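Chains, contacts and geometry: an overview
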Amino acid sequence: MQKGWWIGGMVLVSVMLAGCQSLTGWGGDALRTEPVVKHVHEPGCEVDGCASVNAAYLRFPESSLLSAELERRLFGLASGLSDNPDGNPMGQATTFEDFSSQLFAAAQSARQDVPELPGYEADLKADVVADRDGLLVIELDGYLYSGGAHGLPLTSYMVIERDKQQVVDLDDMLLPGQRPAYEAALERAHRRWLQSDQAFGLSELQWPFATSDNVAPLKAGLAIKYQVYDLAPYAVGQPQLMIPYPELDGILKPRYLP
């Protein structure tokens, strides 16, 4: 009798756990993430300068759509390898396998022209950098080397609304008609940045202000990340401007303000 009760109880618990997992995933977080780590070396390459790809990113076990979107954005960073991103098939890869195959093909083609060319290398990663007020912010980073003096770092933000499980961009965050006000606030942030140590000695005439939609609503304010050469020479790195939230009152929708 006791054995039958125990078996019945275990079946009931199993059913309850399965029901909970099917609704929001174990732990109750529909946007929980799992790490993905991959590495591949150029197949069949036994000479100096073989290409390689390293990736450490995230997947959403409860959302195949968000997982696919993250991969599309992360591997799309490869468009930075080309001076003509719209015509570069490497920027259109949506999976690790496609991206790796395209990188290896490009490396083999380049090696035919310049046999002593150093190996192509790609390092890609994605990390959660903020989880506040129902917003999950992921930073996508890539470092792409295709010969030359140095590689090219690239960064893009992916902002997800928890309640809708949807990716949002700057236009979604702005109140109607407030883009000019946002750009004015961004230009003020740029003037503050010019006074920082990172921008020391820069000529604004040579490196003028440029706007950007690559934004992340962090705890400290709205972060705007630029790529190398956007606002400064390569040696300066990737400038990040910050707009405090009080300056964005009436510009951003209240949903995105703390």
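Quantities reported herein were computed from a predicted structural model and do not represent experimental measurements.

What follows is about helix H5 (residues 179-194). Taking 1.5 Å as the rise per residue, H5 with 16 residues should run 22 Å; its terminal C-alpha atoms sit 22 Å apart, in good agreement. Within the span of H5, buried status applies to Tyr 182, Ala 185, Leu 186, Ala 189, His 190, Trp 193 and Leu 194. Summarising the contacts, the buried residues of H5 are in contact with helix H4 (170-173), strand S7 (215-217), strand S8 (222-225) and strand S9 (240-243).

The subject of this paragraph is the sheet that holds strand S1 (residues 34-41). In space, the 6 strands of this open sheet follow the order S1-S2-S3-S4-S5-S6, with mixed pairing throughout. Edge positions in the sheet fall to S1 and strand S6 (166-168), since each of these pairs with one other strand and no more. The mean inter-strand angle of the sheet, taken between neighbouring strand axes irrespective of direction, is 25°. Bridge count for strand S3 (residues 121-132) against strand S4 (residues 135-145) is 11 bridges, and the pairing is antiparallel. Its bridge partner lying in S4, Asp 123 is registered against Tyr 143. With respect to the sheet, helix H3 (residues 96-113) is in contact with S1, strand S2 (52-59), S3 and S4, its orientation differing from that of S2 by roughly 160°.

Read across the sheet, 3 strands follow the order S7-S8-S9 without closing on themselves; strand pairing throughout is antiparallel. Each having just a single partner strand, S7 and S9 make up the two edges of the open sheet. On average, each strand axis in the sheet is tilted by 25° relative to the strand beside it, whichever way the strands run. Pairing geometry for S8 and S9, over 4 bridges, is antiparallel. When the bridges of S9 are listed, Ala 223 appears paired with Met 242.

Parameters at a glance
Residues numbered from 1 in each chain as written. Predicted model: local features only at pLDDT ≥ 70, side-chain atom pairs only at ≥ 80, totals over all residues. Heavy atoms only, no water. Helix = DSSP H or I, 4+ residues; strand = E, 2+ residues; numbered from the N terminus. Expected span 1.5 Å × (residues − 1). Buried < 20%, exposed > 50% of the residue type's maximum accessible area, 1.4 Å probe, protein only. Contact = heavy atoms within 4.5 Å. Pairing = 2+ DSSP bridges. Axes fitted to C-alpha atoms, helices over the stretch in contact; angles between N-to-C directions.

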